[in-house]
Amino acid sequence: MSIVREEQSACEPSSPLALPVASLGVVKKTTLDQLERLGIVTVRDLLRHYPTRYDDLRSAVRIADLYAAPPGDVNVLGVIMQFKHVRLRGRIRSKSTALIEDGSGMLQAVWFGRPYLGAQLKAGMKVFVRGRVERTLTGPRMSVSQHRVVGDGDEFEGDLEPVYPLTAGLQSRTLVRLIAKALPRALRDDVASNELDPLPARINKSKHFKDARWALRAIHQPRDYEQAEEAKRRLIFEEFFLLAIATALRRAALKAEPAPDIGSVIDAAAAKRVGAEFRALMPFALTGAQARVIDEIVADMRRPAPMNRLLQGDVGSGKTAVAAAAVLLAARAKFQSAFMAPTEILAMQQFNKLSGALSAAGVRAALLIGGMRRRTRDDVLDQLRAGDLDIAIGTHALITEDVEFANLGLVVIDEQHRFGVMQRAALRAKARGHTPHTLVMTATPIPRTLAQSVYADLDVSVIDELPPGRSPVKTFVRPDGAKPKIFEFVRDEVAKGRQAFVVCPAIEESERAVHSAEEEAKRLQAEAFKGLRVALLHGKMTGQQKDEVMRLFADGFIQILISTTVVEVGVDIPNATVMVVLDAHVFGLAQLHQLRGRVGRGAEKSYCILVAPDGSDDTRRLAVLEDTNDGFVIAEEDLKLRGSGDVGGVRQHGGDDFKLAHLIRDFAVFVEAKKAAQAVVAADPHLRAPENRGLAAHLASLDREASIRASS
Ligand code: ADP
Ligand code: MG
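Note that the structure is predicted; figures quoted are calculated from it, not measured.

Calculation rules
Residues numbered from 1 in each chain as written. Chains lettered and ligands numbered in written order. Predicted model: local features only at pLDDT ≥ 70, side-chain atom pairs only at ≥ 80, totals over all residues. Heavy atoms only, no water. Pairing = 2+ DSSP bridges. Helix = DSSP H or I, 4+ residues; strand = E, 2+ residues; numbered from the N terminus. Axes fitted to C-alpha atoms, helices over the stretch in contact; angles between N-to-C directions. Contact = heavy atoms within 4.5 Å. Patch = residues over 30% accessible without salt bridge, like charges linked within 9 Å, V, L, I, M, F, W, Y side chains within 5 Å. Areas by Shrake-Rupley, 256 points an atom, 1.4 Å probe, with all protein chains shown as cover. Salt bridge = Lys/Arg side-chain N within 4 Å of Asp/Glu carboxyl O. Buried < 20%, exposed > 50% of the residue type's maximum accessible area, 1.4 Å probe, protein only. Near = heavy atom within 4 Å. Polar contact = N/O pair within 3.5 Å; in protein donor to acceptor, adjacent residues only side chain to side chain. Nonpolar A, V, L, I, M, F, W, Y, C, P; charged D, E, K, R; others polar. Core = buried A, V, L, I, M, F, W, Y, C linked by side-chain atoms within 4.5 Å. pLDDT = per-residue confidence, 0-100. Parallel < 35°, antiparallel > 145°, perpendicular 65-115°, else oblique.

Here we look at the sheet that holds strand S8 (residues 308-313)
The strand order S10-S11-S9-S12-S13-S8-S14 describes an open sheet built from seven strands, whose pairing is parallel. Of all strands in the sheet, those with a lone pairing partner are strand S10 (365-368) and strand S14 (459-463), marking the two edges. Taking the axes of each pair of neighbouring strands and ignoring which way they run, one obtains an average angle of 20° across the sheet. In the sheet, strand S9 (residues 336-340) pairs with strand S11 (residues 391-394) via four bridges, with the strands oriented parallel. Opposite Ser337, over in S11, you have Ile391 as the bridge partner. Along the sheet face, helix H14 (residues 374-386) touches S9, S10 and S11 and points at about 130° away from the line of S10.

With respect to a nonpolar patch on the surface
On the surface, a nonpolar cluster with roughly 320 Å² of combined accessible area is contributed by Val86, Leu88, Ile92 and Phe112. In this structure, Ile92 sits in the loop between strand S2 (73-87) and strand S3 (94-101). Residue classification places Ile92 among the partly exposed residues on the basis of a relative accessible area of 42%.

Topic: the site of ligand 1
Surrounding ligand 1, one finds 17 residues, the nearest of these being Gln290, Gly316, Lys319, Lys353 and Arg470. Residue Lys353 places a side-chain N or O atom 2.5 Å away from an oxygen atom belonging to ligand 1. If ligand 1 stood free it would expose 560 Å²; the protein chains cover 82% of that surface. Looking at the shell around ligand 1 residue by residue, the class counts come to five nonpolar, six polar and six charged.

Observations regarding the sheet that holds S3
By definition, the strands of a sheet pair up through backbone hydrogen bonds, in either a parallel or an antiparallel sense. Pairing is mixed around the closed barrel formed by five strands, whose spatial order is S2-S3-S4-S6-S5. Each strand of the sheet is rotated relative to its neighbour by a mean of 50°, with strand direction disregarded. Inspection of the sheet shows S2 paired to strand S5 (residues 126-136) by seven bridges, in the antiparallel sense. For Val79, the partnering residue across the bridge sits in S5 and is Lys126.

A word on the nonpolar core
Grouped together as the largest cluster of nonpolar side chains are 99 residues, with contacts concentrated most on Met301, Val581, Leu592 and Leu610. Ranked by the residues each element gives to this core, the list is headed by helix H12 (residues 319-332), at eleven residues. Leave out the neighbours within four places in its chain, and Val581 touches Val503, Phe587, Leu592, Leu595, Ile609, Leu610 and Val611.

Topic: the confidence of the model for the chain
Overall, the predicted model of the chain reaches an average pLDDT of 85, with 87% of residues at or above 70. Per-residue pLDDT stays below 50 along residues 1-13; that stretch engages in 21 contacts with residues further than four places along the chain or on separate chains.

Notes on the pairing of strand S18 (residues 560-563)
Of the two faces of S18, the one carrying Ile560 and Ile562 and the one carrying Leu561 and Ser563 are both buried. Bridge count for strand S16 (residues 499-503) against S18 is four bridges, and the pairing is parallel. In the strand pairing of S18, Ala500 is matched with Ile560. Here strand S17 (residues 534-537) runs beside S18; their pairing, made up of four bridges, is parallel. Note that in S18 the partner of Leu536 across the bridge is Ile562.

Brief notes about the packing of helix H5 (residues 172-188) against helix H8 (residues 212-220)
Contact geometry of H5 with H8 gives a least axis separation of 11 Å together with a crossing angle of 170°. If you check the angle between H5 and H8, you find them roughly antiparallel. Counting all contacts with H5, which are made through Ile179, Leu183, Leu187 and Arg188, the residues of H8 involved are Arg213, Leu216, Arg217 and His220. Here the residues of the contact of H5 with H8 sort into four nonpolar, one polar and three charged.

Details of unusual backbone geometry
Its identity as a non-glycine residue notwithstanding, Lys334 has a phi of 70°, on the positive side. As for its position among the elements, Lys334 is in the loop between H12 and S9. Residue Leu687 is not a glycine yet carries a positive backbone phi of 50°. Inspection of the secondary structure puts Leu687 in the loop between helix H23 (667-683) and helix H24 (693-711).

So this is what it looks like as C-alpha cells:
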C-alpha cells in the first residue's frame, strides 16, 4: 500500500476525517480515553464505528394507553420531569424513581439496585424505558428492566435509535451525539466526501449501491430498517473490497520486486537433475502430493519474481522433505537458505532432519538458537557471512541484528502461525539486492473457503496425502466414568515401552488452570500412574524449562507427559502412542485434531481418547473426530460450528478486522468484492485513474493514520 502513499500524500490536503475526535468540540478527556479503548481516535474511526442494532422507538406505547396494552413488558418514550435517587443500606443498595411524561400522560418509573443511575439520569432527559407496568393508586408504575437515554431532536432524527458497541463508562448516547456532530461536517466537505467513497463510481453503479455519504448517514441515522439494511449491504461489500484491494496491491508490489536469480543458473534440464539428485538422497519414496508440491515450488523459484507460497499439510504429511528440496535447489544455484522454527526443540529436530538428509549432497548446515555458546555462535555467524554455510536453521535467533547472510535466497518458516508478520519480514530483510523466495509451512489446515481470502496474497500448496504405511490414529470419545479404564490402558501401553500424553483442561494458562493441571498431575502420579516417570508441562514454565521437559520426553526418559495444551506443535516423538484429552469438550475440533497429531508418528498403532461428559451435544460434536482423520474436513466442520475466530492464522491476517462483514455468512459478497478489486488493480495497478481517486485517497489516509497511530 505504500506505493499509494508515496504518490498521494504529498499533494492531497489532509482531510477533516483524519482529525482527532477532539476536533468535534468539547469532548471530555475520559470520553476520549474510552473511545480510544474502542480504537476510535479520528473522526473517520468514529464514523466507521457502526451500530450493532437499533431500538425501534416506534414501538413505544402511549402512556395513556398503558392499561389497555397486553400484559408483559412494554416500551415507553418520554421526558423525565422529576428524578430521585436514594442510596439504601443492604443488598438492594439503591432506588431510583422518575416521573416520565410523553404528552399523553404521566408514568412512574422505578429502578432498584442501580447505584450508577444517580449520575446518569436527570430531569429534562428524553428516555426510552422498557419494563412491566402495574396499576397503582397514583397511576401507572413501571419496574424498568432496560432503559436508554435518547438524543433530543437535533441530535437524533428518526425512530430507530442506533445502539453502539460500548466500553465501560461510555454511553451509547455520547456516541450518538458525537456522530451527529461528525456526520454533517464530514458529508459537507469535498475532500472528505471524495475520500469517503472508496468504491469507484462504476462499481457503485453496477452493484446498485448509493454512495458512501448516503450509506454512512443511513447506517447511523436510518429512517427505517430497510435503509439500515441497504447501507449495511454496501458497507459490508466495501470492507471486503478494501481488504481485497490491499491484498492485490501487496501481491502486485511483491511480484515487481527482484527475486534471487535462480532461473538463469538452473534451466529446465538442471532442475530435473537436481530433482533426481534429491530423490536419491531421501531414504523413502516421495508421496505423489510431495512430488507435486515440490514441482510447484521449483517452478516458482525459477521465476524472476519472488515466491510467496504457503504450504499446508496435516501433521506428519512430510513438509520437511519438501522444504529440503527447496533448500537443495537454492544451494545448487549458490544461494543460502534460512529455516525458522518456533521453538528450540523444533529447530533442533529440523536441523537433524535437514542436515541428515542433505549433508550427503554437500549442503553445509548450521543450527542457530538462543542457548548457544558464544564462541560457537560467533563461528556460525562468520561462516554465514562468508558464504561457507548453505543453510541456517534456528529460532528467532535468526532474526537478531548481527546475523548476516552472504547471499540469502530462500526463507522457510515452519509452523507459520506461531510467527508474526514482522518476524517474517525481518528475516526476509536479511537478503541484499533482492527479495528472497519465501515458503511458509503450516499444519493448521485452513478450510479452502477461508484460505482464498485470508491468504489471498500467498499462493497455496496442499499436501493432501500421508506417507504410506501410516495407520490412522484410532480415536474414541469416552465419558468421565471411564477414566480408570483409560488410565489402565495408558499403563499397559507404557508397559509395552510406549509413551503417552495426558492433556488437562486449561484453555487459558491462568494461575488457576495451571493449578488444576498440577493437581491432576499430582493425583495421577500418586494413584493411577504410581511408579511411572511422569512430568508436567504448562504455559507458565519458562521456554527453557519447557524445552528441557520436552527433551526428556523425546529421549524416552519421561513416560507420561501431563500438560495443559501441549505447547510444541510439530514435535516428532514416534514412540508416543496415546493421547488422552480430559474435558475434551472445551476444545475446538481443529485444536483436538492438532493434539491428536502428536501421536501416530511411528510404526506402532496409536490411540486418541477424548474424555467428555456423557450424553451432551459435545460428545456428538467430538464424534466427528472418531470418523475422520482429514484435517480439512475437520476444519470445515469446526468453522461451521464455531465461526472463523478459532481458525489459526485468521486474526493476524486481518480477517478479523471487519466491523460489519462476516466472512462465512457473507462469503458470496466476499467473492464478488474480491473479483471487483482484482479487476480494479489489474486495470490500474497504481490507482492513478480519475475514477479511482477516492479509493486511492482513502487508502492513503488509512495508511497515514496507521503510521501516526504506530508512532504515537
Ligand atoms: P510434518 O508435515 O508434520 O512436518 P514431517 O516432515 O516431520 O511432517 O514428516 C513426518 C515423518 O514422516 C518424518 O519422520 C519423515 O521422515 C516421514 N516422511 C516424510 N515423507 C515421507 C515419505 N514420502 N515416505 C515415508 N516417510 C516420510
Ligand atoms: Mg513439521
